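Spelled out from the first residue to the last, the chains are:
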Amino acid sequence: RGGCETERAGAAAMVVQVHANQKHLFAPIDSLAARQDGMVVAATSRVFGNEWDGGVTTMFEQHEKTSHFPCGCADVVFVGQESNMIGVACDDGNVVVMAITSVGQEGWKPLHLLAEHDNGVTCLSSSSAKPDTLASCSTDHTSRIWQFGDGAATCTRTLEGHHAPVYGIAHNDDGSTLASVGQDGRIRLWDLRANEAKAAASEATGSPLYCVCWGHDGNHVYTGGEDGDVLEYDVRAPAQAAQRLRGHGDSVRRVAIGESASGVAVLASAADDCCLMLRPLSMLSSGEMVQPHKDYVRGMCWGKGLVVSGSWDRTISHVEVK
């Protein structure tokens, strides 16, 4: 699907183009992550009757490598000082940390198997400011902070406060605060600098929240959920959403902030309506919607001037934002 271009006049003008050369993977895509050098990694899951499996696929230049898992893979992030590892959130309750170089190798073994959660792991967050840490959340109602060092990984903190499955987490830019959202419809902001992490919590929205990201100013977070809306919260007064952004026709599964090729800051959201919505941060009330897929869009990340999206239709699309 190509040649889909839209443009809006003004200071935050942008042109959006969906590239026609989609990449097809072996299974529905649940998550995507991008590295600065252009490498993209996808986490996939598929069901055969009562059997559930998944995998991770790395894509770099013209090379594609896949490692299969005996469980569904819900999320994937780059980990480490050089982003030379990936963390994989697994439906069996484990977090697998593996070297990028081991993807596609026969008999590969994880560097770390993080097995403290009591149920499926739903989301991961790494921090470039603190590359030796990783955060995970789960349907067991908790989030956990992991520390890497001396060849080992240790759970240093368990965050309890949600009284329902936790679906999304995200570090702020300096890694000092973790935002979490979940089935209870609340956002919680955890100050990780305190000896005992305490969370400021919003009021319940009335429907589950599935994803969360931080604005670059550190004062705003954005969430998406079952009702199809994107909510903006001011972390200095997080009890209620400062703004509600409508547009999607189904559950919002991913939110992320990046920059267009011309340097415009853009909030992107991906949803089960098969669409992406792109909103300039300076004009959040307006935006452009594109439909690069034919099924739920569950994976999304920013590259250089483009949004990479992955869907349950097993395709990956590149949406250029100029």
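The numbers attached to residues start from 1 for each chain and follow its sequence in the written order. With the structure being a predicted model, the display of local features is reserved for residues of pLDDT at least 70 and the display and counting of side-chain atom pairs for 80 or more, all residues being used for whole-chain, interface and lining totals. As a rule here, side-chain values come from all non-hydrogen atoms in the structure, and water together with hydrogens is ignored.

### As for the side chain of serine 125
The residue serine 125 is located in strand 12 (residues 121–127) in this model. Residue serine 125 is classed as buried on the basis of its relative accessible area, which comes to 6%. Whenever a nitrogen or oxygen atom comes within 3.5 Å of another N or O atom, the pair is scored as a polar contact, on the condition that within protein one atom can donate a hydrogen and the other can accept it, and that pairs from neighbouring residues in sequence are kept only if both atoms are in side chains. A polar contact is formed between the side chain of serine 125 and the side chain of histidine 171, at a distance of 2.8 Å. Contact between two residues is taken to exist if any of their heavy atoms lie within 4.5 Å; hydrogens are not considered. Residue contacts for serine 125: discarding those within four places in its chain leaves Leu134, Ala135, Ile169, Ala170 and His171. Only DSSP runs of H or I reaching four residues or more are called helices, and only runs of E reaching two or more are called strands; each is numbered from the N terminus. When a residue's accessible area, from a 1.4 Å probe over protein chains only, is under 20% of the maximum for its type it is buried; when over 50% it is exposed; and in between it is partly exposed.

### As for the packing of aromatic side chains
One pair of aromatic rings is described through two measures. These are the centre distance and the angle between the planes. Any Phe, Tyr or Trp ring, taking Trp's six-membered ring, that has another such ring centre within 6.5 Å forms a pair; planes under 30 degrees apart are called stacked, those over 60 apart edge-to-face, and the others tilted. In this structure the tally under the stated criterion is 3 aromatic pairs. Where phenylalanine 69 meets tryptophan 108, the ring centres are 5.2 Å apart and the plane angle is 40 degrees; that geometry is what we call tilted. Residue phenylalanine 69 is located in strand 7 (residues 63–69), and its partner tryptophan 108 is located in the loop between strand 10 (95–99) and strand 11 (112–114); the two are separated by 39 residues in the primary sequence. Plain terms: the ring middles of tyrosine 167 and tyrosine 210 are 5.4 Å apart, the flat faces sit at 55 degrees to each other, and that makes the pair tilted. Here the residue tyrosine 167 occupies a position in strand 16 (residues 166–171), and tyrosine 210 occupies one in strand 20 (residues 209–214), the gap between them amounting to 43 residues.

### Some remarks on the pattern of salt bridges
When a carboxyl oxygen of Asp or Glu is within 4 Å of a side-chain nitrogen of Lys or Arg, the pair counts as a salt bridge. Per the counting criterion, the structure on display carries 11 salt bridges. Of the charged contacts, one joins glutamate 64 and lysine 23 as a salt bridge, the two residues approaching to 3.3 Å between their closest N and O atoms. With glutamate 64 in strand 7 and lysine 23 in strand 3 (residues 23–24), the pair connects residues that are 41 residues apart, well separated along the chain. By relative accessible area, glutamate 64 is classed as partly exposed at 39%. Taking the relative accessible area as the measure of exposure, lysine 23 reaches 34% and is therefore partly exposed. With a shortest N-O distance of 3.5 Å, arginine 254 and aspartate 75 are connected by a salt bridge. Pair noted here: arginine 254 is in strand 24 (residues 252–259) and aspartate 75 is in strand 8 (residues 73–79), with a separation of 179 residues, a long-range link. The residues arginine 254 and aspartate 75 share a single accessibility class, namely buried.

### Some words on the sheet that holds strand 11
Any two strands with at least two DSSP-identified bridges between them are counted as paired. The 4 strands are arranged 8-9-10-11 in an open sheet whose pairing can be described as antiparallel. Each edge of the open sheet is held by one strand with a lone partner, namely strand 8 and strand 11. Taken over all neighbouring pairs, the strand axes of this sheet differ in orientation by 20 degrees on average, direction set aside. For every element, the axis is a line fit to its C-alpha atoms; helices are fit only across the contacting stretch, and the angle between N-to-C directions ranges from 0 to 180 degrees.

### Description of the sheet that holds strand 25 (residues 265–271)
Spatially, 4 strands are ordered 24-25-26-27 in an open sheet, and the strand pairing comes out antiparallel. Both edges of this open sheet fall to strand 24 and strand 27 (288–290), since each of them pairs with a single strand only. Averaged over all adjacent pairs, the angle separating strand axes in this sheet is 20 degrees, with direction ignored. Two strands pair when backbone bridges link them, and strand 25 and strand 26 (residues 276–280) are joined in this way by 5 bridges, in the antiparallel orientation.

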